[in-house]
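Okay, here's what each chain looks like letter by letter:
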Amino acid sequence: MNIHEKYIKRCIELAQNGLGTTYPNPMVGSVIVHKNKIIGEGWHKKAGEAHAEVNAINSVKDERLLKESTIYVCLEPCSHFGKTPPCSDLIIAKGIKRVVMGTMDPFAKIAGRGIKKLLDAGCEVKVGILEAECLELNKRFFTFHQKQRPYIILKWAQTNDGFIAPESREKKRPVWITNKYSGQLVHKWRSEEAAILVGTSTVMADNPALNVRKWTGNDPVRITVDKDLKISEDSSILDGGQKTIILCKDKPENSVKDNLIFEEIDFSENIANEICRILYKNELQSVIIEGGSKTIQQFLEANLWDEARVFTGNSHFGNGVKAPEISAFPLSEKRISEDNLKIYRNA
């Protein structure tokens, strides 16, 4: 690992502190190096607050050193006025002459403009250090802006004999296939993504809250498909406790109420595509598709997914609702007590 890679790696480590809190902005980390010593660090913590470069510059105790320093950042510095001033302008104003970045920014308002501004000001600019790692860091942001859809994570739990739900149940509540440690991990994942989606059958059978109860973090936007608006009004998903989007055939007369938004989709079209259209319209950069089996299978068949996270619990149903079928090789596999977790990526 060369010296540039060492400091961009540190930028990535810093940026990861913002996972789940920077939406709709990307995760960005920055370090400032003077004579091979880090004299400043920062990361972007929340949309509307200071960017990584600003926090890194502000952390430097002796600003006189900036003119002899190199600033490292995992993503191209912004060049436009948004909720905060352009970082490229600040870098120029502070007299920093060397800028090393992981990758360009695909966002239309930036897309190379930050680099051009720095070059025009006489800065030495180096781009493409640990680029694959920087692209992976902001896979949600890049997918959203380049593909005009959210980054899609499919998630389900199945028994060791291949079922996702029992054939019948006595009460309207979840049937747990995995252990409490896997359950806590799922809540951590929820805090990291912009949205979570389940189908009508899952809401009616399990009455899920779809919030973050077993972890610390932001609740995702809840989404469900309810074609004919038959979900009971006393369902947890309609409690108004967090922003919720209901995808239906026809909006009710009062289509925005109690933190609920009703969006019409065309059920004669590909449902997975229609869901992606609405999520993109609502500026949701990522979504966990949690079920049920039919909903997940629709995304698999449409090849509209980026990751699949599949738990296999130490339980046996004998019969019931078959788990979705995925024709990919796992990227990774690990044990969580008696559960097995496989992670897949769509090539």
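Residues numbered from 1 in each chain as written. Predicted model: local features only at pLDDT ≥ 70, side-chain atom pairs only at ≥ 80, totals over all residues. Heavy atoms only, no water.

**A short note on the overall build of the chain**
Link 1 in the chain: On a plain count of helices and strands, the chain comes out with 10 helices and 17 strands.
Link 2 in the chain: Here the chain, with 347 residues, has 51% of them falling under the buried criterion.
Link 3 in the chain: Approximately 17,000 Å² of the chain is accessible, and the part contributed by carbon and sulfur atoms is 47%.
Link 4 in the chain: Here the chain contributes 49 positive and 45 negative side-chain charges, whose respective centroids are spaced 5 Å apart. (Helix = DSSP H or I, 4+ residues; strand = E, 2+ residues; numbered from the N terminus. Buried < 20%, exposed > 50% of the residue type's maximum accessible area, 1.4 Å probe, protein only. Areas by Shrake-Rupley, 256 points an atom, 1.4 Å probe, with all protein chains shown as cover. Lys, Arg positive; Asp, Glu negative; His and termini not counted. Charge placed at Lys NZ, Arg CZ, Asp CG, Glu CD.)

**Things to note about the UniProt feature "binding site: substrate" (unreviewed entry) in the chain**
Link 1 in the chain: UniProt records the feature "binding site: substrate" (unreviewed entry) at Arg 190, Asp 206, Leu 210, Arg 213 and Glu 290, using the numbering of this structure.
Link 2 in the chain: Look past the residues within four positions of Arg 190 in its chain and what remains in contact with it is Ile 196, Leu 210, Asn 211, Val 212, Arg 213, Asn 218, Pro 220, Ile 288 and Glu 290.
Link 3 in the chain: Within the secondary structure layout, Asp 206 lies in helix H8 (residues 200-206).
Link 4 in the chain: On the accessibility criterion, Asp 206 (18% relative accessible area) is buried. (UniProt positions renumbered as here; feature names shortened; annotations may be inferred. Contact = heavy atoms within 4.5 Å.)

**Brief notes about the UniProt feature "active site" (unreviewed entry) in the chain**
Link 1 in the chain: Annotation from UniProt places "active site" (unreviewed entry) at Glu 53.
Link 2 in the chain: Note on placement: Glu 53 falls in helix H2 (residues 52-58).
Link 3 in the chain: Glu 53 gets classed as buried once you look at its relative accessible area, which sits at 4%.
Link 4 in the chain: Setting aside residues no more than four positions away along its own chain, Glu 53 makes contact with Ser 30, Ile 71, Val 73, Leu 75, Pro 77, Cys 78, Cys 87 and Ile 91.

**So, the nonpolar core**
Link 1 in the chain: Formed by 35 residues in total, the largest nonpolar core has its most connected members in Ile 8, Val 31, Ile 32, Ile 71, Tyr 72 and Cys 74.
Link 2 in the chain: Element by element, the count of residues in this core is highest for helix H1 (residues 3-15), at six residues.
Link 3 in the chain: When residues no more than four places from it in sequence are discounted, the contact partners of Cys 74 are Cys 11, Ile 12, Ala 15, Met 27, Val 28, Gly 29, Gly 102, Thr 103, Cys 134 and Leu 137.
Link 4 in the chain: Ile 275, Cys 276, Val 287 and Leu 300 belong to the second-largest nonpolar core, a separate cluster that totals 32 residues. (Core = buried A, V, L, I, M, F, W, Y, C linked by side-chain atoms within 4.5 Å.)

**Thoughts on helix H9 (residues 271-281)**
Link 1 in the chain: Regarding H9, the residues found buried are Ile 271, Ala 272, Glu 274, Ile 275, Cys 276, Ile 278 and Leu 279.
Link 2 in the chain: Where H9 begins, one side-chain oxygen reaches toward the backbone nitrogen of Ala 272, 3.0 Å away; that side chain belongs to Asn 270.
Link 3 in the chain: At the C-terminal side of H9, Glu 283 shows a positive phi close to 60°. (Polar contact = N/O pair within 3.5 Å; in protein donor to acceptor, adjacent residues only side chain to side chain.)

**Considering the environment of Asn 58**
Link 1 in the chain: Topologically, Asn 58 is positioned in helix H2.
Link 2 in the chain: Between the alpha carbons of Asn 58 and Glu 333 there is a distance of 41 Å; along the sequence they are 275 residues apart.

**Quick look at helix H10 (residues 293-301)**
Link 1 in the chain: Buried within H10 are the following residues: Ser 293, Thr 295, Ile 296, Phe 299 and Leu 300. Seen from one end, H10 has its buried residues packed into an arc of 165°, which puts them on one side. Exposed residues lying more than 90 degrees from the buried face of H10 are Lys 294 and Glu 301.
Link 2 in the chain: Where the residues of H10 are buried, they touch strand S6 (151-158), strand S7 (163-165), strand S8 (195-198), H9, strand S13 (286-291) and strand S15 (321-322). (Arc of directions from axis to C-beta.)

**What about the sheet that holds strand S1 (residues 29-34)?**
Link 1 in the chain: Spatial ordering of the open sheet is given by S2-S1-S3-S4-S5, a layout of five strands whose pairing is mixed. Edge strands, defined here as strands with exactly one partner in the open sheet, are strand S2 (37-43) and strand S5 (124-127). Here the strands of the sheet are splayed against their neighbours by 15° on average, with no regard to which way each runs.
Link 2 in the chain: Relative to S5, strand S4 (residues 98-103) runs parallel, the two being bridged by four bridges. Bridging from a neighbouring strand, Met 101 pairs with Val 127 of S5.
Link 3 in the chain: In this fold helix H4 (residues 113-120) packs onto S4 and S5, with an angle of close to 150° to the strand it touches most, S5. (Pairing = 2+ DSSP bridges. Axes fitted to C-alpha atoms, helices over the stretch in contact; angles between N-to-C directions.)

**Topic: the packing of aromatic side chains**
Link 1 in the chain: Per the counting criterion, the structure on display carries four aromatic pairs.
Link 2 in the chain: Considering the side-chain rings of Phe 144 and Tyr 280, the 4.7 Å spacing of their centres and the 40° angle between planes classify their relative orientation as tilted. One end of the pair, Phe 144, is in helix H6 (residues 139-147); the other, Tyr 280, is in helix H9, and 136 residues separate them in sequence.
Link 3 in the chain: The ring of Trp 176 carries Lys 214 above its face, with NZ or CZ at 5.3 Å from the centroid.
Link 4 in the chain: The positively charged end of Lys 322 is found above the aromatic ring belonging to Phe 163, 4.9 Å away from the centroid. (Phe/Tyr/Trp six-rings, centres within 6.5 Å; stacked < 30°, edge-to-face > 60°. Lys NZ or Arg CZ within 6 Å of the ring centre and 35° of its normal.)

**Some points on the pattern of salt bridges**
Link 1 in the chain: Per the counting criterion, the structure on display carries 18 salt bridges.
Link 2 in the chain: Close ionic contact of Glu 136 with Arg 345 constitutes a salt bridge, the shortest N to O distance being 3.1 Å. Placement of the pair is Glu 136 in helix H5 (residues 131-137) and Arg 345 in strand S17 (residues 339-345), with a sequence separation of 209 residues.
Link 3 in the chain: What makes Arg 345 partly exposed here is its relative accessible area of 29%.
Link 4 in the chain: Close ionic contact of Glu 193 with Arg 140 constitutes a salt bridge, the shortest N to O distance being 2.8 Å. Within this pair, whereas Glu 193 is found in the loop between helix H7 (180-192) and S8, its partner Arg 140 is found in helix H6, the two being separated by 53 residues in sequence.
Link 5 in the chain: Residue classification places Glu 193 among the buried residues on the basis of a relative accessible area of 3%. (Salt bridge = Lys/Arg side-chain N within 4 Å of Asp/Glu carboxyl O.)

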